[in-house]
Amino acid sequence: MSADLSDLYQQVILDHNRRPRNRGKLPTANRVAHGDNPSCGDQCSVYLRLDAGVPGQPDRIGDLSFDGSGCAISQASASLMTTQLKGKTAAEAEALYQNFHAIVTTGKEPEEISDLGAFAGVHAFPARIKCATLGWHAALNALKNDATPATTESHTD
Amino acid sequence: MPDWKKIRSDFPVLDQQVHGKPLIYLDNAATTQKPRVVLEALARFYARDNSNVHRGLHTLSMRATDAYEGARARVGKFINAADPAEIIFTRGTTEAINLVAASWGGANLQPGDVILLTEMEHHSNLVPWQLIAQRTGAKLRYVPILGADVEGGLDLAQLDALLTPEVKIFAFTHVSNTTGTINPAAHLCSRAKKVGAITVIDGAQSIGHLPVDVRTIGCDFYAFSGHKMAGPTGIGALYGRRALLDAMPPWQGGGGMISLVDYFESRWKPSPERFEAGTPNVADAVALGVACDYLDALGRDQIAAHDGALARLAYEKLSVLPGIRLLGPRGERSGLVSFAFKDVHAHDIVTFADEDGIALRGGHHCNQPLMKKLGLTSTTRASFYVYNTAEEIDVFAASLRRILKFFGGA
Ligand SMILES: Cc1ncc(COP(=O)(O)O)c(C=O)c1O
């Protein structure tokens, strides 16, 4: 197997693909958003519960889950994302997405150690960047309470 | 019988490595590769004859016109049309179907009329009908597929109930790009004729693979693409019966299609010019004529036998893989296999196979309603053509086995 391919399908990714975390509908969710990738038919729904902060403090993600179908990259990315976003504010989630986006588009591993770095290999497969970011688009839409489905076509990646 | 091994050397693109492996091109249902004679025809036209057609009185323009009209006659002969004027050059299948829908549909459909389609249509034989149905108030109706994996093709037992007198158009694909089903085109046309419906056949997947005789089939329209029959992209044709074409209004206006233009109204030329507004795609049409020569020299019955045998071989080899779901007929099929696994996604398969130099396609194949009906979001498809070999299918099957192992399957 080529170096590019083994970089793409890292153990962390294969593990999340085989045993997805937080998969299924979240019964306590108060936000939901759907994402799809029209060119390949991948779909992802993100359910999240936003908990009100103490007055003056921003809301935080109390819990979240995902559901959908797609390739190993899209499923693993959504699964890993759910483990990273718990407890975060909308601003923190957006910042984390920016980090993630930089990782998958440039291949540069993050400075602080994070499982997100497992997705650095995606950059060598530009057609697969959309797969890696699908769940994130849905999650960010859910945080914005934007009911229009996130579609990877309308994003610059 | 053609020397299939030698045919490979007719296709310059095949002589290359991908990721250090010899290219195995199994994405022929998306587009076929082009033989050297077709590439040379393109270059020759531009280097020697290039000029605008019709209206020209100088030597080059006359040469270009002759070459373009010669190509029309050649394409007509390829499908046994009665008259070259029954061939309208288009950008491809999609544009040809849009032409019929907009022109014949726009002029003839009334509220309450029915357009009969099948559940296995490509988006390009579906969306144009949705658009014209919305404009005219006609309704869509579908011939269902048979079997959980479409192994039974179309459910022909339903035809009596579906082909009612309100049906004005029956549009169906000759060969499915997603299941490899070969539909009984002549039978479907004769059934449609009984209720007075016109028939429109999507020939994108049949034109380069099977002998096609529009008069034996008995269809009113037949749409196809050059790039799926060893010809260039950007050119295709609509065959239409002369009597129907001459009664149809133009669908696009411009130069070349009028007999007389006044500031307030114009008169149209007869078919085919009426439907070819603007400067046509002359060079690609000429090269398409050469592709017809190339395929006829091989023999389309021979091509059908060759592609079909490869598809059955692939079907057999893949059917033993654990957890595989193969779509389409078990026996006779066109030159493709389409399959899905529960735990390994088509896009992961395509990425892995590419590393072995194998070009496959994964996705919904512009067939989303069918995918949904089958409970799938995508399949992986391997599709074959004249230059593919049994050895390539061995390499493909072995690659697939490694992929499954990697993802924790077999
Ligand atoms: C069955 C079928 N119909 C129509 C088309 C559309 O052909 P084109 O894109 O050349 O217009 C295709 C090709 O993808 C096809 O497979």
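Treat the numbers as computed from the prediction; the structure is a model and nothing was measured.

Participant: Please set out the overall build of chain B residue by residue, giving values where relevant.
Facilitator: What chain B contains, in helices and strands, is 14 helices and 17 strands. For 410 residues, the compact-globule estimate of 2.2 N^0.38 gives 22 Å, and chain B sits close to it at 22 Å. C-alpha extents for chain B along the principal axes are approximately 70 × 55 × 35 Å. Looking at chain B as a whole, 59% of its 410 residues qualify as buried. Restricting to contacts in chain B with at least 6 residues of sequence separation, those with at least 24 account for 69%.

Participant: Residues and numbers for the interface of chain B and chain A, please.
Facilitator: Listed as interface residues are 14 residues of chain B and, on the opposing side, 20 residues of chain A. Between chain B and chain A lies a buried interface of about 1300 Å² when both sides are counted; carbon and sulfur atoms form 58% of it. Per-residue buried area on chain B facing chain A is highest for B:Thr351, B:Glu355 and B:Phe406; these three make up 34% of the total on that side. As a salt-bridge pair, A:Arg128 and B:Asp348 come within 2.9 Å of each other at their nearest N and O atoms. Our enumeration of links across chain B and chain A arrives at 8 residue pairs in polar contact (both at pLDDT 80 or more). In terms of residue class, the side of chain B that touches chain A is made up of 3 nonpolar, 9 polar and 2 charged.

Participant: For the pairing of strand β17 (residues 379-383) of chain B, give the residues involved together with the corresponding values.
Facilitator: Residue and element names in this part refer to chain B. A large share of β17 lies buried, amounting to 5 of its 5 residues. Pairing geometry for strand β14 (residues 336-341) and β17, over 4 bridges, is antiparallel. Within β17, the residue paired with serine 338 across the bridge is arginine 381. Judged from the 3 bridges that link them, strand β16 (residues 361-363) and β17 form a sheet pairing that is antiparallel. Paired with arginine 361 across the bridge in β17 is arginine 381.

Participant: If you had to explain the sheet that holds strand β5 (residues 114-118) of chain B to someone new, which residues and values would you point to?
Facilitator: Residue and element names in this part refer to chain B. In spatial order, the strands read β4-β10-β9-β8-β7-β5-β6; together these 7 strands make up an open sheet with mixed pairing. The open sheet terminates on both sides in strands that have one partner only, identified here as β4 (87-90) and β6 (139-143). Strand-to-strand twist of the sheet, defined as the mean angle between neighbouring strand axes without regard to direction, takes the value 20°. Note: β5 against β6, 5 bridges, orientation parallel. If you follow leucine 116 over to β6, its bridge partner there is arginine 141. Packed on one face of the sheet, helix α4 (residues 93-108) meets β4, β7 (167-173), β8 (198-202), β9 (221-225) and β10 (236-240) and runs near 150° to β9. Its contacts with the sheet place helix α7 (residues 185-194) against β7 and β8, and it is angled at close to 175° to β7.

Participant: Could you give an account of the environment of B:Ala204, naming the residues involved and the relevant values?
Facilitator: Residue and element names in this part refer to chain B. Within the secondary structure, alanine 204 is located in the loop between β8 and α8 (214-217). Separated by 160 residues in the primary sequence, alanine 204 and arginine 44 place their C-alpha atoms 27 Å from one another. In this structure alanine 204 touches Thr93, Ala223, Phe224 and Lys228, once residues within four positions along its chain are discounted.

Participant: With reference to specific residues and values, describe the packing of helix α2 (residues 36-49) of chain B against helix α10 (residues 282-298) of chain B.
Facilitator: Residue and element names in this part refer to chain B. The N-to-C vectors of α2 and α10 enclose an angle of 150°; their axes lie 8 Å apart at closest approach. Helix-helix and strand crossings are classified by hand; for α2 and α10 the assignment is right-handed. Of α10, the residues touching α2 (which contributes Val37, Val38, Ala41, Leu42, Phe45 and Tyr46) are Val282, Ala283, Asp284, Val286, Ala287, Val290, Ala291 and Tyr294. Among the residues making up the contact of α2 with α10, the classes are represented as 13 nonpolar, no polar and 1 charged.

Participant: Describe the environment of A:Gly62, naming the residues involved and giving the relevant values.
Facilitator: Residue and element names in this part refer to chain A. With respect to the helices and strands, glycine 62 occurs in strand β3 (residues 60-69). A sequence separation of 19 residues divides glycine 62 from methionine 81, and the C-alpha atoms of the two residues are 14 Å apart. Ignoring any residue separated from it by four or fewer positions in sequence, one finds glycine 62 in contact with Arg49, Asp51 and Lys86.

Participant: Outline the packing of aromatic side chains, supporting the account with residue identities and numerical values.
Facilitator: The final tally for this structure, using the stated rule, is 18 aromatic pairs over all chains. Centre to centre, the rings of A:Tyr9 and B:Phe406 are 6.1 Å apart; their planes meet at 75°, and the pair counts as edge-to-face. Highlighted residues: A:Tyr9 in the loop between α1 (3-8) and α2 (11-18) and B:Phe406 in helix α14 (residues 390-406), drawn from two different chains. Connected via pairs of aromatic rings, a cluster forms that spans A:Tyr9, B:Phe352, B:Phe406 and B:Phe407. The positively charged end of B:Arg300 is found above the aromatic ring belonging to B:Phe78, 3.4 Å away from the centroid.

Participant: So what about the site of the ligand? Which residues, and what values?
Facilitator: All names here are of chain B. Around the ligand sit Thr93, Thr94, His122, Ser124, Thr173, Asn177, Asp202, Ala204, Gln205, Ser225, His227 and Lys228, and those are all the residues in its vicinity. Separating an oxygen atom of the ligand from a side-chain N or O atom of threonine 94 is a distance of 2.5 Å. Here the ligand, which alone exposes 390 Å², has 84% of that area covered by the protein.

Participant: I'd like a rundown of the pairing of β14(B), residues and numbers included.
Facilitator: Residues and elements named next belong to chain B. With 6 of its 6 residues buried, β14 lies for the most part within the structure. Here β14 shows two buried faces, one formed by Leu336, Ser338 and Ala340 and the other by Val337, Phe339 and Phe341. In the sheet, strand β13 (residues 324-326) pairs with β14 via 3 bridges, with the strands oriented antiparallel. In the sheet register, arginine 325 faces β14, and the bridge partner there is alanine 340.

Criteria and cut-off values
- Residues numbered from 1 in each chain as written.
- Chains lettered and ligands numbered in written order.
- Predicted model: local features only at pLDDT ≥ 70, side-chain atom pairs only at ≥ 80, totals over all residues.
- Heavy atoms only, no water.
- Helix = DSSP H or I, 4+ residues; strand = E, 2+ residues; numbered from the N terminus.
- Rg over C-alpha atoms; globule rule 2.2 N^0.38 Å.
- Buried < 20%, exposed > 50% of the residue type's maximum accessible area, 1.4 Å probe, protein only.
- Contact = heavy atoms within 4.5 Å.
- Buried area = accessible area lost by both parts, 1.4 Å probe.
- Salt bridge = Lys/Arg side-chain N within 4 Å of Asp/Glu carboxyl O.
- Polar contact = N/O pair within 3.5 Å; in protein donor to acceptor, adjacent residues only side chain to side chain.
- Nonpolar A, V, L, I, M, F, W, Y, C, P; charged D, E, K, R; others polar.
- Pairing = 2+ DSSP bridges.
- Axes fitted to C-alpha atoms, helices over the stretch in contact; angles between N-to-C directions.
- Left-handed = near helix turned anticlockwise from the far one by under 90°.
- Phe/Tyr/Trp six-rings, centres within 6.5 Å; stacked < 30°, edge-to-face > 60°.
- Lys NZ or Arg CZ within 6 Å of the ring centre and 35° of its normal.
- Near = heavy atom within 4 Å.
- Areas by Shrake-Rupley, 256 points an atom, 1.4 Å probe, with all protein chains shown as cover.

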